[in-house]
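Per-entry structural report
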Amino acid sequence: MVQLDVDIAQAAQALVEARHAIALVGAGISVESGIPPFRGAGGLWTKHGEPPMDGYARAMEDLPAYCQSMLARRDSDDEFSRAIRDARPNPAHHALADLERLGVLKHTISQNIDNLHAVAGQSAVTEIHGNRTKLRCIDCGARWPFAEFAITEVPPSCPHCRGIVKGDTVMFGEPIPQAALAECYEQAGRADCMLLAGTSATVVPAAWFPDLVLERGGALIEVNPEPTPFTSRAAVALRAPAGEALPRLADAVARIHGSEETT
């Protein structure tokens, strides 16, 4: 048996035995669906430059201009917009949905904005950086699919509280929505096992959540072709792309469940 088989078996057992297992997911999973990353080799920001670090402040200072750019992005044909429109869930997304359906994975914290977790069938997901297909009220936090919100005024206003409605994606300089951040801390505080899949675990605040699990004596299961800052503290490290390792992990968990039900 090769080392990856041994590691998958160990990771599956850890997930099944966990009381409250959650996942922290990063751009590595989206890349496997054909969505380019922002940073690193071939990243959008590497090629085209990063957005302004005060993007949110600029948007709030000139709301008409921001609304025009927001509407333009909805119909944009740039590289990133095309990739998201064309992307479909890959085996990693489906494996996470399978783990959720099995009742083993209680929640997923995603750093991605592509909506692919929902398309794959997951429901217990917090999108800490927002969702490119949605709009959000910056006051009450209400969210809507972009296509279902009629923009009849500039800036758009929330039908619930009359707050400003903007794209759900969190901009540079914009606070992470309070409800989303609170949910992440709640889940990390309850977790005794965290699956780190396709994330470098270096961007805060998401990078803080594995530490919270470790501080409470929980275990980390890492799924990444490359080492990360958490590799040395992970109970198991699956050295493979998420699209390869997660389906095998979900199958192993299902087999354990099946054997437990027959005994």
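Here's what I pulled together on the structure shown here. On a predicted model such as this, the values are computed, not experimentally measured, just so you know.

**Here we look at the overall build of the protein chain**
Per the secondary structure count, the protein chain includes 11 helices and 9 strands. The buried share of the protein chain, reckoned over its 263 residues, is 48%. Nonlocal contacts in the protein chain, meaning residues at least 24 apart in sequence, comprise 66% of its contacts between residues at least 6 apart. Here the protein chain has roughly 12400 Å² of accessible surface; of this, 54% comes from carbon and sulfur atoms.

**Thoughts on the sheet that holds strand β1 (residues 21-25)**
Ordered in space as β3-β2-β1-β7-β8-β9, the 6 strands form an open sheet in which the pairing is parallel. Each edge of the open sheet is held by one strand with a lone partner, namely β3 (125-127) and β9 (236-238). Direction aside, the axes of adjacent strands within the sheet are offset by 15 degrees on average. With 3 bridges connecting them, strand β8 (residues 219-223) and β9 associate as parallel partners. Paired with Glu 222 across the strands is Ala 237, a residue of β9.

**Details of the packing of aromatic side chains**
All told, the structure shown has 2 aromatic pairs when counted by the stated rule. Between the aromatic rings of Tyr 185 and Phe 209, the centroid separation amounts to 5.2 Å while the plane-to-plane angle is 90 degrees, which identifies the pairing as edge-to-face. With Tyr 185 in helix α9 (residues 178-190) and Phe 209 in helix α10 (residues 209-215), this pair connects stretches of sequence that are 24 residues apart. Look at Tyr 185 and you get partly exposed, because its relative accessible area is 33%. For Phe 209, a relative accessible area of 0% translates into the label buried.

Reading the values: the criteria
Residues numbered from 1 in each chain as written. Predicted model: local features only at pLDDT ≥ 70, side-chain atom pairs only at ≥ 80, totals over all residues. Heavy atoms only, no water. Helix = DSSP H or I, 4+ residues; strand = E, 2+ residues; numbered from the N terminus. Buried < 20%, exposed > 50% of the residue type's maximum accessible area, 1.4 Å probe, protein only. Contact = heavy atoms within 4.5 Å. Areas by Shrake-Rupley, 256 points an atom, 1.4 Å probe, with all protein chains shown as cover. Pairing = 2+ DSSP bridges. Axes fitted to C-alpha atoms, helices over the stretch in contact; angles between N-to-C directions. Phe/Tyr/Trp six-rings, centres within 6.5 Å; stacked < 30°, edge-to-face > 60°.

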